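Secondary and tertiary structure notes
Residue-level listing of the chains:
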Amino acid sequence: MRMHRRTLLALAVFTGLTAPSMALAADDTIKIGLLATFEGPFTVLGEDGERGAMTAVAEMNGTVAGKKVKIVKGSSDASPDSAVRAARKLVEQDGVKVLVGPLSGDEGIAVKDYAKTQPNVTFINGTSAAQDTTLRDPAENFFRFSTDGAQWMAGLGTYAFNDKGYKKVATVAEDYSFPYTQVFGFMAEFCKAGGHVPSKSWVPIGNKDFSSVIAAIPEDVDAIYVALGGADAVNFLTQYQQGGGSAPLIGGSITVDQTVLTSKGKLRDVLKGTPSAGPTADTNDAPAWKTFVEAYKKQPGAFPSPSLFAHGYYVDMKATLLGLDQVGGDVSDGGKKLRDALSKLSFDTPTGKVSLDKNRNAIADIFLTEVTEGADGNLMNKLVKVVPQVNQTLGIPEDEFMKLGAVNRDNPSCP
Amino acid sequence: MSLAITTNLTPQQNWLERLGAGHIILAVALVLYPLVASDFFLTQIGGYSLIFGMLGLSLMLLAGYGGMVSLAQITVAGISAYAIAILGNNNSNILGFGWPWWLAVPFAVLAAALASALIGWISVRTEGIYTIMITLAIATATYYFAQQNYAIFNGHSGYAGIRAPAFWGIGWRDARPFYYLCLGLAVLSYAAVLYGSRSTFGMTLQAIRDNPRRMRALGYHVTAHKVFAWLLAGVIAGLAGVLLVWFNGRVSPGTIGVDAAIDVLIIAVIGGLRHPIGPFLGAVVVVLMQTFAIDIVGAERFNTLIGMVFLVIVFVSPDGILGLWGRIKPHLAQESLRPGQ
C-alpha cells in the first residue's frame, strides 16, 4: 500500500518534471541536444564522444552569445531505430532546436531521414561517418563538420602498397554502412595503386566468436585490413592473436583508436606498428592539438589521448557553438539564420582548418599514422604524414566519383 | 442441464453493467487523453505503450492462459513489420512491391500469424523453461538472419522511409489519428482476448495449461489447441508489428533484437499475467522509464535505475502491478464500508 502510493508519487513527479520543461526554458539559455551511444557495444565510444562535446562547451565557458548553454542528453544503442527514438524525444519532448549527434554510421543515415521531417531543427553530426549521410539525397538541415569514413582513409591505401609493400590484403569489417565506407576509402587507393583484395569478411556488430572469420582469411595475404570498433576490435584481435595469426595488420580509423589502444593484454604487441589513417594523430605536435588534449583531459574518465569520437564530437559541438554565436543565439526563425551561418562557417580546429562543401560535408586534414608505444608505456598513433584538405570525393572530380557507385559490401572490388 | 437452468435464472445484465465501471472510466480517460497530452506524449508514450502493450498482450495470452512463455513475440511483430516494408513502399531501393496498405496489411498480419503458429508448432512439445529457450533461440536466429541477409532484409540498415497510409483525408501517422488507431486496435485485441478467455476454446486452453494429461485423456487434441492459441497470439503481435513499422517509419534488425524480445517479457511480467490489462500497465511503466530515466540520473547510470525499478516492482509484488492492485483492493473496500456504517 505504502509502496504503491510512493510509486504513483514518483511517476507523478517525473512526468511533472519533464512535461513542462519546454515552458521552463528561459530566454537566457540555449538548449542543445546531445545524442550519443550510452548503451550497447559502442558505449565506451559514446562516452568519449560526450567528453569531446563537453570540452567544446567548457572552452566557451558554457555560454554562447551571452546565453547559458544547456546540454540535454539522449542515448541510443547504435541501432538506427534507437537513434531516431532518442532524437524524437530530444526534439519533440525536450524541445531542442539544435541537436548534435549521432555517433554511428546507420544511425546518421536514419537521423538524416528524420531531419527531413523537422525542417525547423538544425542537426549537426556527431561522429557518424557513412558516406551516404551527406553524399546522396542529403537533408538541408543536416551538417557534418567531422569528415566521413572514406575521407579518414586518405593516404592509407597508397602507403600500404608503396611503403609497406603489401600487394594482397584481406579485409575484416563490421557489417554496416560505416565500415563499408572505410573499406571503400582504403580500397579506392589500394586498388588504384595495383593491390588486390581477394577476400572481404563482414561480421555483425557485437559478434563475440570470430573463429569462423579467422579461418576464412586466405593464408597467402600480405596483411589484413581490420575495420572493427570498440569491443568487436578487442575480441577479434585477441582471438586472431591467440589463434596464431601472424599477418601484419592495417587498421581502420576506429580499430586503432584510443578506445581500443587503452585495452589491456597481449593485444598491445599485435597492434604495434599497425598503419592507419583518421581525423586525428596522438603525437601531433601542433600547439592547437596539444591545447585541445590538455582541455580534454580535464573531463572525468578521459583517455590518455582523445579518441576520434572525442575529436569528432568536439569539432561538431564547436561548430554548433560558433554558429550559434554568430547569430546571437537566435533560433526563433526556425534556425534559418543559424543554418546560413553554419554553411559558410570555416574555422581552425585542433587538427587544422575545416570548411563545408555544398552537401554540408566537411573538407579537412587527414592524418596517416602508425601505432607506437609512447614514453609512458601507452600505445599511441604516431603521426606519419598529413594529407591536407581532403574532400568527400577524395580529390576525384564529382561526376567521376559518383560513377564509382554507392558503397556497399560488394563495391568496390579488386580480387 | 442444471447449468442451463442456472444461466436462465441469473438476472439479465444490460451491456453497461457487463462492461463494468472500471472499463468505462478507463475508456473515457483514454479517449480524452489527447485533450491534455502533447504530440510527444500522444505517440512516443501513448502510442508506443499501446503497441508494446499489444505485444505483451499476445505474450499474456500464451503465458497466462496457455502456460507457454514465449520470447519470440517481437519476432512475430518483426515479420509483419518487414512484410509491410517489402510489400509496400520503402526508400531503401530494395524490393518494395508498392502494394496499397489494404492489401499489404492483411498479408503482413497473415504472415505473422502463420509464422507464430509455426513457432508454436515447433515449441509446443516443450514445457516451462524449454519453451523459453527454444523461442529465444528462434528470436536470436531470426535477428541474425535479418542482420546478415541482404537480399530480403537489407542487413543491418533494414528498411527506411515507410509511410503510414493516408485515407479518408487523414494521415494516419499524425499524432492524434495514430494514437486513436493504436487505441482502437489495442481495445479490439484486449476485448477479443477477454472474450476469448471465457469462450469454450479459452476454457479448454486454461484446462490444458492446468493439466494437459487429463485433457488428453478426455479426448481433447492438446497440440491443436496450443497451436491455435499461437495463431491468435500471432494475429495480435502482427497487428502490433504493423503499428510499430508505421510508428518508426523504419524497421531494422535492431527492432527485433534480443533486447526488444526481453523488453516484451519484462512488460508482461511487470504488468502481471493474470488479466489482459496487465501488459498495458507494464508497457506504460516500461516506456515511461526508458524515455525519462536519462533525465533523472544522467546518461551513465540510467539503465541501472530502470533495472532497480523493475526489481522493486517484482520484489514488492511477484505477480506484477496487477498483483499490487489485488493486494490493495481489499483494504480500499474495507475503508469504503466504514462511512456507511
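Further up the page is the structure itself.
Now for a description of the structure that goes with this document.

So, about the pattern of salt bridges. What the rule picks out here adds up to 17 salt bridges over all chains. A salt bridge links A:Asp340 to A:Lys336; the nearest nitrogen and oxygen atoms lie 3.6 Å apart. Taken as a pair, A:Asp340 and A:Lys336 lie in helix 15 (residues 336–344) at a separation of four residues, close to a single helical turn. A residue is classified by how much of its surface remains accessible, and A:Asp340, at 37% relative accessible area, is partly exposed. Here A:Lys336 falls in the exposed class, since its relative accessible area comes to 53%. Here the salt bridges do not stand alone but share partners, grouping A:Lys89, A:Asp94 and B:Asp295 into one network.

If a probe the size of a water molecule is rolled over the atoms, the empty space left behind becomes visible. Residue and element names in this part refer to chain A. The final tally for this structure, using the stated rule, is four cavities of 30 Å³ or more. Here the largest cavity defines a volume of roughly 90 Å³. Taken together, 15 residues make up the lining of the largest cavity; nearest its centre are Ser-253, Asp-257, Thr-280, Leu-308 and Asn-381. Broken down by element, the lining of the largest cavity gets its largest block of residues, three residues, from strand 11 (residues 275–278). Here the lining of the largest cavity is built from residues that sort into five nonpolar, eight polar and two charged.

On to the interface of chain B and chain A. A common way to state how big an interface is: give the accessible area lost once the parts meet. Contacts between the two partners involve 35 residues from chain B, matched on the other side by 36 residues from chain A. For the pair chain B and chain A, the number of links is two salt bridges. A salt bridge links B:Arg250 to A:Asp81; the nearest nitrogen and oxygen atoms lie 3.8 Å apart. At the junction of chain B with chain A, the criterion picks out ten residue pairs in polar contact (both at pLDDT 80 or more). It is helix 14 (residues 277–297) of chain B that contributes the most residues to the side of chain B that touches chain A, seven residues altogether.

Another aspect to go through is the nonpolar core. Grouped together as the largest cluster of nonpolar side chains are 150 residues, with contacts concentrated most on A:Ile32, A:Phe145, A:Met317, B:Phe52, B:Met54, B:Ile84 and B:Trp246. In terms of residue count, helix 4 (residues 39–66) of chain B provides more of this core than any other element does, 17 residues in total. In this view, A:Ile32 contacts A:Val69, A:Lys70, A:Ile71, A:Val72, A:Val96, A:Val98, A:Val100, A:Met317, A:Thr320, A:Leu321 and A:Leu324; residues no more than four positions away in its chain are not counted. Residues A:Tyr225, A:Ile250, A:Ile396 and B:Tyr150 belong to the second largest nonpolar core, which totals 29 residues.

Moving on, we get to the packing of aromatic side chains. Taken as a whole and judged by the stated rule, the model has 30 aromatic pairs over all chains. Seen in terms of ring centroids, A:Tyr180 and A:Trp202 are 4.9 Å apart; in terms of plane orientation they differ by 85°. Their pairing is edge-to-face. One end of the pair, A:Tyr180, is in helix 8 (residues 177–192); the other, A:Trp202, is in strand 8 (residues 200–203), with 22 residues separating them in the sequence. Look at A:Tyr180 and you get buried, because its relative accessible area is 7%. Between A:Phe186 and A:Tyr225, the aromatic rings sit 4.5 Å apart at their centres with planes inclined by 15°, giving stacked as the arrangement. Pair noted here: A:Phe186 is in helix 8 and A:Tyr225 is in strand 9 (residues 223–227), with a separation of 39 residues, a long-range link. The same class applies to A:Phe186 as to A:Tyr225, namely buried. A cation over an aromatic ring shows up here: A:Arg88 above the ring of B:Phe247, its NZ or CZ 5.2 Å from the ring centre. When the ring centre of A:Phe161 is taken as origin, the NZ or CZ atom of A:Lys167, which lies over that ring, is 4.1 Å away.

Rules and cut-offs
Residues numbered from 1 in each chain as written. Chains lettered and ligands numbered in written order. Predicted model: local features only at pLDDT ≥ 70, side-chain atom pairs only at ≥ 80, totals over all residues. Heavy atoms only, no water. Salt bridge = Lys/Arg side-chain N within 4 Å of Asp/Glu carboxyl O. Helix = DSSP H or I, 4+ residues; strand = E, 2+ residues; numbered from the N terminus. Buried < 20%, exposed > 50% of the residue type's maximum accessible area, 1.4 Å probe, protein only. 1 Å grid on protein atoms, 1.4 Å probe; cavity = no way out; pocket = protein on both sides within 12 Å on 5 of 7 lines; lining within 4 Å. Points joined across faces, edges and corners; volume = space filled by probe spheres on them. Nonpolar A, V, L, I, M, F, W, Y, C, P; charged D, E, K, R; others polar. Contact = heavy atoms within 4.5 Å. Polar contact = N/O pair within 3.5 Å; in protein donor to acceptor, adjacent residues only side chain to side chain. Core = buried A, V, L, I, M, F, W, Y, C linked by side-chain atoms within 4.5 Å. Phe/Tyr/Trp six-rings, centres within 6.5 Å; stacked < 30°, edge-to-face > 60°. Lys NZ or Arg CZ within 6 Å of the ring centre and 35° of its normal.

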